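Residue-level listing of the chains:
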Amino acid sequence: MIVTADMSISLDGYIAGTNVAIDNPGGDGAEPIFDWIHNLASWRQRQGMTGGEENRDSELMREWFDATGAVVMGRMMYDTGEDFWGDNPPFRAPVFVLTHRPRPTLVKEGGTTFTFVTDGIHSALDQAKAAAGDRNVDIAGGASTVQQYLREGLIDELQLHVVPAILGEGLRLFEDLGTGRWTLEPVRVVDTPLATHLKYRFVK
Ligand SMILES: NC(=O)c1ccc[n+]([C@@H]2O[C@H](COP(=O)([O-])OP(=O)(O)OC[C@H]3O[C@@H](n4cnc5c(N)ncnc54)[C@H](OP(=O)(O)O)[C@@H]3O)[C@@H](O)[C@H]2O)c1
């Protein structure tokens, strides 16, 4: 079991656009960050849809679904995804949502539960590890959440899906990281027309 983070990112380092809000989930101008995902067979299957492309990108998405036994996310990612994910969210695993605003646990169809954690990132990670079994815990986002786990050195592997787009503005992933320095070991590069998928392991 390892702790992963897996983010789609523009070439200039943005994981969302500007003005992210509940009615503007990805923010303004963010479409190119998520375009590579929409027509993947594996992603469509998890959304209850049919069709889509069975390609290398789709395999990587399926690999993430298969490897992930529990998820940690921030309340902004939850709030912006809630309606879209519906009654049968794609995670099919326990999800722990970091928040200052308590809320009862939600049990959805397909194995997804949302547990709202108000006592910090270590508590959320411990709960996720206990729930994940042999599979990985993924720190799913957004930026603020991944940054906090990066700062504490709690992520083992980082996969970036770098899309061929320059946004110019938006929500940056590599920001607010304090004075820490990280050494990374390349694990894999998969290059497709849709994205360059970079996987790194943190050297601790
Ligand atoms: N490109 C990608 O792969 C990707 C992946 C995931 C998400 N995203 C995008 O990321 C954006 C959201 O990112 P974000 O950085 O704005 O927000 P976020 O990390 O999703 O959530 C931040 C919020 O979570 C709660 N929180 C975070 N840390 C906490 C802590 N230690 N204790 C208690 N509560 C805590 C707080 O909410 P409260 O105070 O309100 O409770 C905080 O405002 C969305 O646009 C989403 O689409 C992109």
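Residues numbered from 1 in each chain as written. Predicted model: local features only at pLDDT ≥ 70, side-chain atom pairs only at ≥ 80, totals over all residues. Heavy atoms only, no water.

K.L.:
Let's hear about the pattern of salt bridges: which residues, and what values?
P.N.:
For the structure on display, the rule yields 12 salt bridges. The residue lysine 204 makes a salt bridge to aspartate 156 at a minimum N-O spacing of 3.1 Å. Of this pair, lysine 204 sits in the segment after strand S11 (196–203) while aspartate 156 sits in the loop between helix H6 (143–151) and strand S8 (157–163); the two residues are 48 residues apart in sequence, bridging distant segments of the chain. Judged by its relative accessible area of 66%, lysine 204 is exposed. On the basis of relative accessible area, aspartate 156 is assigned to the partly exposed category, the value being 23%. (Salt bridge = Lys/Arg side-chain N within 4 Å of Asp/Glu carboxyl O. Helix = DSSP H or I, 4+ residues; strand = E, 2+ residues; numbered from the N terminus. Buried < 20%, exposed > 50% of the residue type's maximum accessible area, 1.4 Å probe, protein only.)

K.L.:
How would you sum up the UniProt feature "domain: Bacterial bifunctional deaminase-reductase C-terminal" (unreviewed entry) in the protein? Please name residues and give values.
P.N.:
Taking the UniProt record as the reference, the feature "domain: Bacterial bifunctional deaminase-reductase C-terminal" (unreviewed entry) is found at residues 3–188. Along residues 3–188 the backbone is 31% helical and 27% strand, and the end-to-end C-alpha distance reaches 17 Å. (UniProt positions renumbered as here; feature names shortened; annotations may be inferred.)

K.L.:
Now, about the pairing of S11: what can you tell me, with residues and values included?
P.N.:
Where S8 and S11 come together, six bridges link them in antiparallel fashion. If you follow histidine 161 over to S11, its bridge partner there is histidine 197. From the end of strand S10 (residues 183–191) to the start of S11, which pair antiparallel, there are four residues. (Pairing = 2+ DSSP bridges.)

K.L.:
Can you lay out the site of the ligand for me, pointing to particular residues and giving the numbers?
P.N.:
The environment of the ligand is made up of 25 residues, and the closest members are Ser8, Pro25, Thr99, His100 and Thr145. A distance of 2.8 Å separates an oxygen atom of the ligand from a polar backbone atom of methionine 77. Arginine 101 places a polar side-chain atom, nitrogen or oxygen, 2.9 Å from an oxygen atom of the ligand. Its free accessible area being 940 Å², the ligand has 82% of it covered by the protein chains. For the shell around the ligand, the per-class residue count stands at 14 nonpolar, nine polar and two charged. (Near = heavy atom within 4 Å. Polar contact = N/O pair within 3.5 Å; in protein donor to acceptor, adjacent residues only side chain to side chain. Areas by Shrake-Rupley, 256 points an atom, 1.4 Å probe, with all protein chains shown as cover. Nonpolar A, V, L, I, M, F, W, Y, C, P; charged D, E, K, R; others polar.)

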